Amino acid sequence: MIKGIHHVAIKCTNMEEYKEELAFYINILQLPVKREWATGAMLDTGNGLMEIFNNGDSHLGLGVIRHFAFATDNVDEIVERARKNGHEVIIEPKDIVIASNPELPARIAFLRGPMGEEIELFCER
């Protein structure tokens, strides 16, 4: 049986991209390094892992996965840190209510990571 998402993986095509990805996730999103090896690293997201490789063959185009979301209590703080470091804010922080049953109030924002990945910041209210 599925128990949850273990990790999300990103493959960089060279060391420059790899270093930029690591810097973004470690310095901007403040994910701690869980383990490292010659071709990659795993970062701790709190309830799963972010795996970043430095040995990808080529860039993947936009695919089926629209985005991934990180749970946080600091949407606005993370957005400002990303913006100050030159990263694109796709959707500014805003309060929403997902019209589900029961309704789900949240504060969200979207960023673009160094490899073009869309990252949602999600704070349940």
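Residues numbered from 1 in each chain as written. Predicted model: local features only at pLDDT ≥ 70, side-chain atom pairs only at ≥ 80, totals over all residues. Heavy atoms only, no water.

Draft legend 1. Representation of the packing of aromatic side chains in the model. Considering all chains together, one arrives at four aromatic pairs under this definition. A ring pair is formed by F24 and Y25, whose centres lie 5.0 Å apart and whose planes are at 90°; its orientation type is edge-to-face. Here F24 matches Y25 in class, with each residue buried. Ring geometry for Y25 and F70: centres 6.5 Å apart, planes at 70°, overall edge-to-face. Placement of the pair is Y25 in helix α1 (residues 15–28) and F70 in strand β5 (residues 68–71), with a sequence separation of 45 residues. Look at Y25 and you get buried, because its relative accessible area is 0%. (Phe/Tyr/Trp six-rings, centres within 6.5 Å; stacked < 30°, edge-to-face > 60°. Buried < 20%, exposed > 50% of the residue type's maximum accessible area, 1.4 Å probe, protein only. Helix = DSSP H or I, 4+ residues; strand = E, 2+ residues; numbered from the N terminus.)

Draft legend 2. Region of interest: helix α2 (residues 75–84). Listing the buried residues of α2 in full gives V75, I78, V79, R81 and A82. On an axial view of α2, the arc spanned by its buried residues comes to 165°, and they lie on one face. (Arc of directions from axis to C-beta.)

Draft legend 3. Broad picture of the environment of T45. Position of T45 among the secondary structure elements: in the loop between β3 (40–44) and β4 (49–53). Remark: the alpha-carbon pair of T45 and A71, spanning 26 residues in sequence, is separated by 8.8 Å. Those residues in contact with T45, other than ones at most four positions away along the chain, are L31, M50 and F70. Here G48 takes part through its backbone oxygen, which lies 2.8 Å from a polar atom of the side chain of T45. (Contact = heavy atoms within 4.5 Å. Polar contact = N/O pair within 3.5 Å; in protein donor to acceptor, adjacent residues only side chain to side chain.)

Draft legend 4. Fine view of the pairing of β5. Here β5 shows one buried face, formed by F68 and F70, and one open face, formed by A69 and A71. Relative to strand β8 (residues 118–124), β5 is paired through four bridges, and the arrangement is parallel. Along β8, the bridge assignment pairs F70 with L121. (Pairing = 2+ DSSP bridges.)

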